[in-house]
Structures are given as structure tokens and as C-alpha cells.
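Listed here are the chains, written in short residue letters.
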Amino acid sequence: TLYGHPDSGHACKVALALSLADIPFQSVWVDIWAKPDSRPEAFLAASPFAEVPLLLIDGVPHVQSGAILLKIATKFQCLGGENATNMQRGRELLMWEANRIGMCLPQLKEARRVEGEGFPPGAVEWLQARYRADCGRFEQLLGAHTFFHGAAPGIGDCAIWGYTQWLAEAGVLPTPTMTGWLQRMRALPGMRSPQQFFPQV
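Fair warning: this is a prediction, and the values are worked out from it, not measured in the lab.

A. Seen up close, the packing of aromatic side chains. Considering all chains together, one arrives at 6 aromatic pairs under this definition. For the ring pair F148 and W181, a centre distance of 5.4 Å and an interplane angle of 75 degrees mean the geometry is edge-to-face. Of this pair, F148 sits in the loop between α6 (123-142) and α7 (155-164) while W181 sits in helix α9 (residues 176-186), placing them 33 residues apart in sequence. The class of W181 is buried, set by a relative accessible area of 0%. An aromatic cluster is present here, built from F138, F148, W161 and W181 joined pairwise through their rings. Over the ring of F76 we find K75; its NZ or CZ atom is 5.7 Å from the centre of that ring. For the cation-ring pair, K109 lies above W166, with the distance from its terminal atom to the ring centre recorded as 4.6 Å.

Written as C-alpha cells, this is what we have:
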């Protein structure tokens, strides 16, 4: 069972990984814009910070998107979890995403949503500069490969997809290399929109 919301890139990372690995799961929509104490009791009991994503595997809670992706890869031996070399690649990509492109893009997206309210002077420009630097590393990490894990996508691709799917909403442009990768990701059979992953019912 995966608790999430279509506005959460972190929840989308996990939903995409489960979908690409063809692992059946039930998604539960959680209103991340409401007060935390208004969220489902089962969710609050299992998520220490009342944050999405929360993945229950056989009733055991797993939190933090990067840790969940690693769990999926190792438990189900998929998306890079098939061998030690691919797992090392996955760990490195997850750490890069979390510290770099996965940090600046959600903040830029949020800055546009709130029209800069609460962001100190110069913060948006600093985030935009980080994104430009991250574009260079994106090119270097992907190289001439189809996906970040090679011929097929892995947990690193799922992590990087989380917020690069919303470049327009963040007010930034993709590089040509990024555009090609985004197109290949969107064409994957397991790809769904955030709303399809987390329908409000």
C-alpha cells in the first residue's frame, strides 16, 4: 500500500518504481495541503513525520523515497537491484538526485506556486544557478546511454524523474539531452500521470 499525493514528486518516484517493476500496489490519496493531524489515522500511526510517501510492505512501514527505492530494488531484485554493480549505480544516482537536482527543482516549483512569498531575496536566483550546474552533471551522468542505468531504467531514473517531470512548473528549461530522456521516460509502458498514480477517491 502506497500513501501519496499527485503533487509530491517523492511519492511519484515510488509509484513509478512499483509500476515499472510490475509490482501490484494500492495507492491511498493523502491531502498533503491539509493539516497533518487531519490525515488518515493509519497513515499517521505509520509515518513518523506525517509525510508522503509511505509504503507498507506486508504491513511494515517504509518512509523516505530514496530508502524506499532501495528497498524495492533489493527486495524484488529489480530496477538495478539485480546485481551489486547496478545497486552501486543506483545508490550513487539517488544521493546525487537528493542533494542536487532533487533539491532545487521542488523549491523552484514551490516558489512559483506561492509567487515568491517566504523566499528571501536572491534565493530563487541561487536555486536557478544550482539547476544550471545540475544540467551539466545530468549530461555527464547520462552520457550516451538510453537511461541512467543503461538500456533499461532503474531506481536512479525513478528518482530523477520525480521533479524533472515538472520543469515547466519550476520555470526552467530542459537541455536537449534532458528532453530526450524525458521523452523516453514518458514512453515507458509503466508510466502514469501523477493523478493516475494517486487518484482522489
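B. Here's a closer look at helix α4 (residues 84-99). End to end, α4 covers 23 Å across 16 residues, agreeing with the expected 22 Å (1.5 Å per residue, within 8%). For α4, the set of buried residues is M87, G90, L93, L94, W96 and E97. The elements touched by buried residues of α4 are α1 (9-20), α3 (65-76), α5 (101-113), α6 and α7. Its side-chain oxygen 3.2 Å from the backbone nitrogen of T85, N83 forms the N-cap of α4.

C. Examining the side chain of Q165 more closely. Turning to its location among the elements, Q165 is positioned in the loop between α7 and α8 (167-170). A distance of 2.9 Å separates a polar atom in the side chain of Q165 from the backbone oxygen of G162. Q165 has contacts with C12, R186 and P194, leaving out every residue within four places of it along the chain.

D. Expanded view of the pattern of salt bridges. Following the criterion strictly, the structure yields 3 salt bridges and no others. The salt bridge involving K13 is made with E97; its shortest N-O contact spans 3.0 Å. Of this pair, K13 sits in helix α1 while E97 sits in helix α4, placing them 84 residues apart in sequence. The pair K13 / E97 is uniform in exposure class, with both members buried. Notably, a salt bridge pairs R113 with E110, separated by 2.8 Å at the nearest N-O pair. Separated by 3 residues within a single helix, R113 and E110 lie in helix α5, roughly one turn from each other. The class of E110 is partly exposed, set by a relative accessible area of 25%.

The rules behind each value
Residues numbered from 1 in each chain as written. Predicted model: local features only at pLDDT ≥ 70, side-chain atom pairs only at ≥ 80, totals over all residues. Heavy atoms only, no water. Phe/Tyr/Trp six-rings, centres within 6.5 Å; stacked < 30°, edge-to-face > 60°. Helix = DSSP H or I, 4+ residues; strand = E, 2+ residues; numbered from the N terminus. Buried < 20%, exposed > 50% of the residue type's maximum accessible area, 1.4 Å probe, protein only. Lys NZ or Arg CZ within 6 Å of the ring centre and 35° of its normal. Expected span 1.5 Å × (residues − 1). Contact = heavy atoms within 4.5 Å. Polar contact = N/O pair within 3.5 Å; in protein donor to acceptor, adjacent residues only side chain to side chain. Salt bridge = Lys/Arg side-chain N within 4 Å of Asp/Glu carboxyl O.

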